[in-house]
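# Fold and geometry: a report
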Amino acid sequence: MRASRPWPGEGWASDCVSWPFGTDGVCPWRIYLHSSAQSRFAALYYDPDKGSHRVTAKAFVVAANGIESPRLLLVSASDQFPHGLANSTDMVGRHLMDHPSTSLTFDSDEELWLGRGPQSPSSINVMRDGPFRSEHAAYRLDFTNISRVDGATTSLIAAGVYGSEFQTRLRYSAAHQLNVKNVLEVLPDPERRVTLSDQKDAMGIPKPQMHYSIDDYTRRGHERSQQDFRRIADLMGGTNLRFSKDGDFANNQHICGTLSMGTDSQVSVCDQWGRTHDHDNLFLAGTGVLPTCATCNSTENGLAVALRSMDHLLAEQGSGAPPASTQGAQ
C-alpha cells in the first residue's frame, strides 16, 4: 500500500490507494465494502509481522497481475458479497488466456553463436490475421537469441559424452544451434479460469488454482506453424531438426482475460476505464483486463490501458472532494 502524502491530524492520507500484491513487504489479504453513504471500500492487509491494518480511500486500484488480482477479489467474499468482490455475474477469473508455444531446434549450416544482443532479436508477424483465422489460431514466429552452451552441455552430459568429443560437439552446438518458436493466440473461454484452491499459503489464504486447456483451434495453429518451421530450417541449411514434443506447449506468462473489460457486465468485470461494474470506487489495472490476447506480448498493452485508466481516475479525483483518511496505516 502506498499513501501519497501526509494529512494533518490523520497520519497518511491518499486520494487513491494502490498496491501490487506482495511488493514492498506488504501482503494484502482482504478488501471489503465499508458501509457508508459514499460506499467506500476498506482494505485490510497484513504487514510483514502479520499485524493487520485497515485503510479507507476514495478509490482503490487492484494491480496484482492476472492471477493474484482475481485471487484477491475472490478471497474477499463476505456475507454482503458471497462470491467475492466485483463478481456478481461470476466473471472474475474467467477467460484465462496465455500464449502457448511450440518450437523447432536445428543446426544451421553457418556459425551463428547465439547469445549476443537481444534475447529475441526478430519476429515474423505475417500470420497474425487473415481468413485462416476461421480455421486455426493466429500466431507469430520468434527467433530465440539465447546462448546454447548451457542446454547443449546438459544434453551432452546426459548422453554420456566427455573429453575431447565433448569439447568438439559443444563448440559445434554453441555455434550452429538455432531455435524458432511460435506464439499462439488463445481465444477467450469462460471455462478457462482462476479459482481458489483448497490449499493455503503461508498466510493461511487459499492459493489460486488455474483451469486451463489447449483447444483444437489453437492446436491447428501449432500444426500450421510447423510448415513455417520447416521452411525456415530449409532456408538456413538446417539439419538435425528437433521439434518440441507433440502435445507439449510451453507457457509465456502473458496472462490476459481474468478481469476482462467490456460494456456488458454479464461477460466482463470492468468497464473501459477499469472501473468494476459492481463497485464505483474499485478499479482494476494490468494485463488481466485485456479481453483478448492476440499474438503480441501483453505487457505494453496492459501498461497503455493502465495509464489511460489512471488518467481518467486522476481527472475524476480533481473534482475538489476532500481526501479520504487512513486508520492505522503505516
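A short tour of the structure in this document, coming up.

Thresholds applied
Residues numbered from 1 in each chain as written. Predicted model: local features only at pLDDT ≥ 70, side-chain atom pairs only at ≥ 80, totals over all residues. Heavy atoms only, no water. Helix = DSSP H or I, 4+ residues; strand = E, 2+ residues; numbered from the N terminus. Buried < 20%, exposed > 50% of the residue type's maximum accessible area, 1.4 Å probe, protein only. Contact = heavy atoms within 4.5 Å. Areas by Shrake-Rupley, 256 points an atom, 1.4 Å probe, with all protein chains shown as cover. Pairing = 2+ DSSP bridges. Axes fitted to C-alpha atoms, helices over the stretch in contact; angles between N-to-C directions. Left-handed = near helix turned anticlockwise from the far one by under 90°. Nonpolar A, V, L, I, M, F, W, Y, C, P; charged D, E, K, R; others polar.

### Thoughts on the overall build of the chain
Across its full length, the chain holds five helices and 16 strands. Residues counted as buried form 46% of the 330 residues belonging to the chain. Across the chain, contacts joining residues at least 24 apart in sequence account for 69% of those joining residues at least 6 apart. Surface summary for the chain: the accessible area is close to 16500 Å², and the carbon and sulfur share equals 51%.

### Observations concerning the sheet that holds strand S10 (residues 139-144)
In spatial order, the strands read S9-S10-S11-S8-S14; together these five strands make up an open sheet with antiparallel pairing. Whereas interior strands pair on both sides, the edge strands pair on one side only; in this sheet they are strand S9 (122-124) and strand S14 (239-243). Strand after strand, the sheet turns through a mean of 20° between neighbouring axes, direction not considered. As paired elements, strand S8 (residues 103-107) and S14 share three bridges and run antiparallel to each other. Its bridge partner being in S14, Leu104 is matched across the sheet by Phe243. Taken strand by strand, helix H3 (residues 163-176) contacts S8 and strand S11 (177-184), and its axis lies near 45° from that of S11.

### Topic: unusual backbone geometry
Although it is not a glycine, Asn65 sits at a positive phi angle of roughly 75°. Given a relative accessible area of 42%, Asn65 falls into the partly exposed group. Although it is not a glycine, Ala294 adopts a positive phi angle of roughly 50°. Note that Ala294 resides in the loop between strand S15 (282-284) and helix H5 (299-317).

### As for the packing of helix H2 (residues 149-158) against H3
Between H2 and H3, whose axes approach to 9 Å, the crossing angle comes to 145°. The crossing of H2 and H3 is right-handed. Of H3, the residues touching H2 (which contributes Val149, Ala152, Thr153, Leu156 and Ile157) are Phe166, Arg169, Leu170, Ser173 and Ala174. A class-by-class count of the residues in the contact of H2 with H3 yields seven nonpolar, two polar and one charged.

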